[in-house]
Amino acid sequence: MLLLGMLLTITTTHTPATDLGYLLHKNPARLQSFPMSFGQVHLFYPEASLDRCTVALLLDVDAVGLVRGHESEGFALQQYVNDRPYVASSFMSVAINQILGTALGGRSKERPELAQTALPFAATLAVVPCDGGEALLRRLWEPLGYAVAVDHHVLDTHVPEWGDSAYFTLHLTAEVCLQELLTHLYVLIPVLDNDKHYYVGDDEVEKLLRFGHGWLATHPERELITKRYLKHRKSLAQSALARLVEQPDPDAMVAAHEREEAVVEERMSLQQQRMGAVVATLRASGARRVLDLGCGEGRLIGALLADKQFEEIVGMDVSYRSLELAHERIHLERLPEMQRERVRLIQGSLNYRDQRLAGYDAAAVVEVIEHLDPPRLAAFERVLWEWAKPGTVVVTTPNSEYNVRWEQLPAGNFRHRDHRFEWTRAEFQSWAKSVAERFGYTVKFLPVGPEDAEAGAPTQMGVWTRHGY
Ligand code: SAH
């Protein structure tokens with residue numbers, strides 16, 4: 001019989017560390033084995049002292065038995081076992097759910113408070129397949145607050161089927177509640193392995209939403225996580241994403257914005273190109289004190305922080321929720337004081353005159369104007385160009401001519417349902433020139449993203465310079 005393993009260890013240094021046994025509802029003194037549909041899972045504690053306690057979950061996946069047991073069911077187990085003998089990934093999640101279900105649900109009979117307390121944890125996955133390499137491992141775990149260390153692994157050549165795929169040992173450390181650690185592992189272990197395996201049904205969507213609650217909606221890689229978790233079944237992933245953003249608060253539209261646009265723009269990572277173009281323009285203008293108006297989740301702020309030229313960065317948004325997300329995204333609390341002092345997040349609306357915006361070198365307004373009601377545009381123009389009057393203004397907005405090039409976009413639709421309008425290049429330029437004339441600026445235009453001969457680039461950017469600046 002071919003036995004294939006996967007090992008997860010979780011260590012805590014909380015004292016008394018042996019409380020881990022209570023949290024997991026598993027006695028540290030005993031080895032326990034659990035028969036599962038795919039083989040055996042063994043749970044044991046390699047160490048259990050007051051200072052340090054480690055639990056190990058070892059999967060023995062019985063590949064031969066798996067195939068035999070399911071011959072009649074007609075789904076692709078046979079093939080998957082043959083193709084990828086090492087795919088224990090989704091089985092590890094099944095094991096976490098079935099064997100550590102109480103802890104996964106955040107409950108503990110003996111230590112209910114401890115179950116809700118952040119404790120020092122270190123988790124190691126002895127071997128994980130990850131086609132995206134170390135970079136993907138970091139992109140998945142670091143936003144959740146884990147310190148990530150990765151050992152690169154060349155597997156034993158005794159099993160040639162393992163081929164030369166990328167396998168890693170993944171070490172994670174963080175102060176989190178056990179439940180958080182387990183739910184992150186539950187969702188992300190199968191995501192590391194990008195292969196399709198067993199049938200994914202609707203209840204997988206439920207599981208994803210349940211275990212992703214509280215962290216997935218704000219994870220920068222939520223698209224990738226959702227798609228991979230649902231094994232690229234588009235309709236499932238879409239319904240999960242849609243439900244992830246169904247929040248009763250009025251800011252839900254804002255939260256949905258990035259996600260939806262991200263789906264449409266995904267293929268070319270237009271967002272990154274846009275940020276790059278805006279940062280480069282601001283840098284070239286010589287600006288040191290800059291405004292990011294309608295800063296949303298703070299993508300641009302993060303990029304500006306990385307450049308020392310920008311001494312003062314003020315992000316403003318009308319949505320409090322967005323500001324909270326921006327706060328989290330740039331880890332404001334954790335930044336060293338020198339860095340933290342460069343950034344300020346303020347709530348405010350571009351529809352009203354605001355003293356706080358006066359006297360800056362430059363302002364960026366990235367993918368915001370299309371969210372303003374056309375009748376409010378005139379107010380916004382005065383707020384920015386007449387009263388705030390920065391030396392340089394950078395505005396980006398979708399180029400509606402390009403929309404015909406997006407395959408997923410039904411003709412005549414906007415890229416996001418909260419967009420009040422989307423302009424052609426001619427429309428944007430005539431508006432921009434009239435603003436420049438009325439308020440004493442000159443304006444230039446730059447395309448952002450891959451240019452189509454007829455439709456132009458997906459994003460259009462206007463750069464205004466105040467006369468005499
Ligand atoms: N600039 C960010 C976010 C774009 S989404 C980025 O490129 O990632 C549009 C943002 O504009 C949202 O965060 C929304 O809350 C904000 N917004 C919409 N109307 C606004 C107004 N009147 N005043 C200030 N911000 C506004």
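Our subject in this report is the structure included herewith. (Residues numbered from 1 in each chain as written. Predicted model: local features only at pLDDT ≥ 70, side-chain atom pairs only at ≥ 80, totals over all residues. Heavy atoms only, no water.)

On to the overall build of the chain, then. Helix and strand counts for the chain stand at 18 helices and 14 strands. Counting only residues that meet the buried cut, the chain has 53% of its 469 residues in that class. Considering only contacts in the chain between residues 6 or more positions apart, those separated by 24 or more positions represent 72%. Taken as a whole, the chain presents about 21300 Å² of accessible surface, with 51% of it coming from carbon and sulfur. (Helix = DSSP H or I, 4+ residues; strand = E, 2+ residues; numbered from the N terminus. Buried < 20%, exposed > 50% of the residue type's maximum accessible area, 1.4 Å probe, protein only. Contact = heavy atoms within 4.5 Å. Areas by Shrake-Rupley, 256 points an atom, 1.4 Å probe, with all protein chains shown as cover.)

Structurally, Thr396 is set in strand 12 (residues 392-398). In contact with Thr396, not counting residues within four places along its chain, are Arg274, Val278, Val365, Val366, Glu367, Val368, Glu370, Thr459, Gln460 and Met461. Engagement of the side chain of Thr396 in a polar contact is seen with the side chain of Glu367, the distance being 2.7 Å. (Polar contact = N/O pair within 3.5 Å; in protein donor to acceptor, adjacent residues only side chain to side chain.)

Before going further, it helps to examine the sheet that holds strand 13 (residues 441-448). If you walk across this open sheet you meet the seven strands as 10-9-8-11-12-14-13, and the pairing is mixed. With one partner strand each, in any of the chains shown, strand 10 (343-347) and strand 13 form the two edges of the open sheet. The mean inter-strand angle of the sheet, taken between neighbouring strand axes irrespective of direction, is 15°. Pairing analysis gives five bridges linking strand 8 (residues 289-293) to strand 9 (residues 312-317), with the strands arranged parallel. Its bridge partner being in strand 9, Arg289 is matched across the sheet by Glu312. Contacts between helix 15 (residues 320-329) and the sheet are confined to strand 9 and strand 10, with strand 10 contributing the most and set at about 165° to the helix. (Pairing = 2+ DSSP bridges. Axes fitted to C-alpha atoms, helices over the stretch in contact; angles between N-to-C directions.)

For the rest of this paragraph, the subject is unusual backbone geometry. Residues Thr15 and Pro16 are joined by a peptide bond in cis, for which omega reads -5°. Considering the arrangement of structural elements, one finds Pro16 in the loop between strand 1 (3-12) and helix 1 (19-24). Even without being glycine, His25 reaches a positive phi, approximately 60°. Assignment of secondary structure puts His25 in the loop between helix 1 and strand 2 (32-36). Taking relative accessible area as the criterion, His25 reaches 33% and is therefore assigned partly exposed. With phi around 50°, His331 is a residue other than glycine that occupies positive phi space.

Let us look at the pattern of salt bridges. If you walk through the whole model with that rule in mind, you get 18 salt bridges. We note a salt bridge from Asp19 to Arg111, for which the minimum N-O separation is 3.0 Å. With a gap of 92 residues between them, Asp19 in helix 1 and Arg111 in the loop between helix 5 (101-104) and helix 6 (112-115) connect regions that are remote in the sequence. For Arg111, a relative accessible area of 27% translates into the label partly exposed. With a closest N to O distance of 2.7 Å, Glu142 and Arg138 form a salt bridge. Accessibility expressed as a relative area gives 34% for Glu142, which makes it partly exposed. Here the residues in one salt-bridge network are Glu134, Arg138 and Glu142, joined through shared partners. (Salt bridge = Lys/Arg side-chain N within 4 Å of Asp/Glu carboxyl O.)

Here the focus is the nonpolar core. Ranked by size, the top nonpolar core spans 68 residues in total, and within it Trp141, Leu170 and Leu185 carry the most contacts. With near-sequence residues (within four places) excluded, Trp141 lies in contact with Tyr146, Val148, Leu170, Leu172, His184, Leu185, Leu188 and Leu192. With 32 residues, the next largest nonpolar core counts Leu377, Phe380, Ala432 and Tyr441 among its residues. (Core = buried A, V, L, I, M, F, W, Y, C linked by side-chain atoms within 4.5 Å.)

The buried fraction of helix 10 (residues 222-229) is high, at six of eight residues. Just beyond helix 10, the residue with positive phi is Lys231, at close to 55°.

A few words on the packing of helix 7 (residues 133-141) against helix 8 (residues 178-192). For the pair helix 7 and helix 8, interaxial distance at closest approach is 11 Å and the crossing angle is 155°. As summarised for this structure, helix 7 and helix 8 are arranged roughly antiparallel, according to the angle between their axes. By crossing handedness, the relation of helix 7 to helix 8 is classed as right-handed. Two secondary-structure elements touch here, helix 7 through Leu137, Leu140 and Trp141 and helix 8 through His184, Leu185, Leu188, Val191 and Leu192. (Parallel < 35°, antiparallel > 145°, perpendicular 65-115°, else oblique. Left-handed = near helix turned anticlockwise from the far one by under 90°.)

Of the two faces of strand 2, only one is covered, namely that formed by Gln32, Phe34 and Met36; the face formed by Ser33 and Pro35 stays uncovered. Two strands pair when backbone bridges link them, and strand 2 and strand 3 (residues 39-48) are joined in this way by five bridges, in the antiparallel orientation. Across the sheet, residue Ser33 finds its bridge partner in strand 3, namely His42. In this antiparallel pair of consecutive strands, strand 2 and strand 3, the connection spans two residues.

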